[in-house]
Amino acid sequence: KAGVTQTPRYLIKTRGQQVTLSCSPISGHRSVSWYQQTPGQGLQFLFEYFSETQRNKGNFPGRFSGRQFSNSRSEMNVSTLELGDSALYLCASRDRGITGELFFGEGSRLTVL
Amino acid sequence: LAKTTQPISMDSYEGQEVNITCSHNNIATNDYITWYQQFPSQGPRFIIQGYKTKVTNEVASLFIPADRKSSTLSLPRVSLSDTAVYYCLVGDRDYGGATNKLIFGTGTLLAVQP
């Protein structure tokens, strides 16, 4: 079974631009969640989608948004990029409810200049 | 807001048992406690999950006291390849009681030496 796939793996943007990151979950998994990882703040939960509906949301500004498609693939978007948005963005999928094991992708490393 | 804290780092030698504790003072009543391992340039990987008392699998044990406000990951006989960052993960009690935000601990860098 293929693992969680995130694209792109690396990208560089400038302040004010927007970015879209993609995540393909493990086949059969209906839940996809997103996380931001930085040296200063650690791993922070962004949001979780289940069957195309946002189920949970962390404490991030509205510039961070996401969606999930009918095939469970998910995208997250960050608009009006700031220097502080530079981070590793991780996606995880799981096959059942809140207690299910999370399977992580390798992440998308975003650098904002 | 829930705060989930761990020691920043720990040192150990090969063959020793390592215990890493996580404090989660606002854990949700129905939430599980999960531990993950992360190597550089990789996503976290599941180690073990529990709700109360003790859970054991082929790689680790998880001890959870009755009040569930902390948990301890126990790694028996560590090796050099266990050098990594270890995170605990719990849900966060939402004010409305409906959602279940996921709160990662601050992470513990375990360094295993020969």
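What counts and what doesn't
- Residues numbered from 1 in each chain as written.
- Chains lettered and ligands numbered in written order.
- Predicted model: local features only at pLDDT ≥ 70, side-chain atom pairs only at ≥ 80, totals over all residues.
- Heavy atoms only, no water.
- Contact = heavy atoms within 4.5 Å.
- Buried area = accessible area lost by both parts, 1.4 Å probe.
- Salt bridge = Lys/Arg side-chain N within 4 Å of Asp/Glu carboxyl O.
- Polar contact = N/O pair within 3.5 Å; in protein donor to acceptor, adjacent residues only side chain to side chain.
- Helix = DSSP H or I, 4+ residues; strand = E, 2+ residues; numbered from the N terminus.
- Nonpolar A, V, L, I, M, F, W, Y, C, P; charged D, E, K, R; others polar.
- Phe/Tyr/Trp six-rings, centres within 6.5 Å; stacked < 30°, edge-to-face > 60°.
- Buried < 20%, exposed > 50% of the residue type's maximum accessible area, 1.4 Å probe, protein only.
- Pairing = 2+ DSSP bridges.
- Disulfide = S-S within 2.5 Å.

**Regarding the interface of chain B and chain A**
Move 1: Taken together, the contact between chain B and chain A spans 17 residues of the former and 19 residues of the latter.
Move 2: On the chain B side of the interface with chain A, the three residues burying the most area are Lys101(B), Leu102(B) and Phe104(B), jointly 32% of the side's total.
Move 3: Counting the contacts that link chain B with chain A gives zero salt bridges.
Move 4: Here chain B is connected to chain A by three residue pairs in polar contact (both at pLDDT 80 or more).
Move 5: Breaking the side of chain B that touches chain A down by element, the ones donating at least two residues are strand 4 (33–38), strand 5 (45–50), strand 9 (84–93) and strand 10 (100–104) of chain B.
Move 6: Ranked by the residues each element gives to the side of chain B that touches chain A, the list is headed by strand 10 of chain B, at four residues.
Move 7: Of the residues in the side of chain B that touches chain A, the class split is nine nonpolar, six polar and two charged.

**Focus on the environment of Arg73(A)**
Move 1: Within the secondary structure layout, Arg73(A) lies in the loop between strand 7 (64–68) and strand 8 (74–78).
Move 2: Setting aside residues up to four positions removed in sequence, Arg73(A) forms contacts with Ser22(A), Cys23(A), Ser24(A), Pro25(A), Arg67(A) and Gln68(A).

**A few points about the packing of aromatic side chains**
Move 1: Throughout the structure, instances matching the rule amount to eleven aromatic pairs over all chains.
Move 2: Ring plane angle 55° and centroid distance 5.4 Å describe the contact between Tyr32(B) and Tyr51(B), whose orientation is recorded as tilted. Taken together, the residues Tyr32(B) in the loop between strand 3 (18–24) and strand 4 and Tyr51(B) in the loop between strand 5 and strand 6 (53–56) connect sequence positions 19 residues apart.
Move 3: Judged by its relative accessible area of 31%, Tyr32(B) falls in the partly exposed class.
Move 4: Note on Tyr51(B): relative accessible area 28%, which makes it partly exposed.
Move 5: Ring-pair connections join several aromatic residues into one group, and the members of that group are Tyr35(A), Phe45(A), Phe104(A), Tyr36(B), Phe46(B), Tyr87(B) and Phe104(B).

**Re the sheet that holds strand 7 (residues 61–64) of chain B**
Move 1: Ordered by their spatial adjacency, five strands build an open sheet running 1-3-8-7-6 (chain B), and the pairing between neighbours is antiparallel. Of all the strands in the sheet, the pair left with one neighbour each is strand 1 (4–5) and strand 6 of chain B.

**As for the pattern of salt bridges**
Residues and elements named next belong to chain A.
Move 1: Applying the stated rule across the entire model yields seven salt bridges over all chains.
Move 2: Between Glu106 and Arg9 there is a salt bridge, with its nearest N and O atoms 3.1 Å apart. Pair noted here: Glu106 is in the loop between strand 10 (103–104) and strand 11 (108–112) and Arg9 is in the loop between strand 1 (5–7) and strand 2 (10–13), with a separation of 97 residues, a long-range link.
Move 3: Ionic pairing is found between Glu75 and Arg67, a salt bridge with its closest N-O pair at 3.2 Å.
Move 4: What makes Glu75 buried here is its relative accessible area of 16%.
Move 5: Counted as one network, the salt bridges with shared partners bring together Glu48, Arg55 and Arg94.

**Notes on the state of the cysteines**
Residues and elements named next belong to chain A.
Move 1: Evaluated as defined, the whole model comprises two disulfides over all chains.
Move 2: In this model, Cys23 is linked to Cys91 through a disulfide, with the two sulfur atoms separated by 1.7 Å. When the S-S torsion is -50°, as for the bridge of Cys23 with Cys91, the disulfide is left-handed. Within this pair, whereas Cys23 is found in strand 3 (residues 19–24), its partner Cys91 is found in strand 9 (residues 87–94), the two being separated by 68 residues in sequence.

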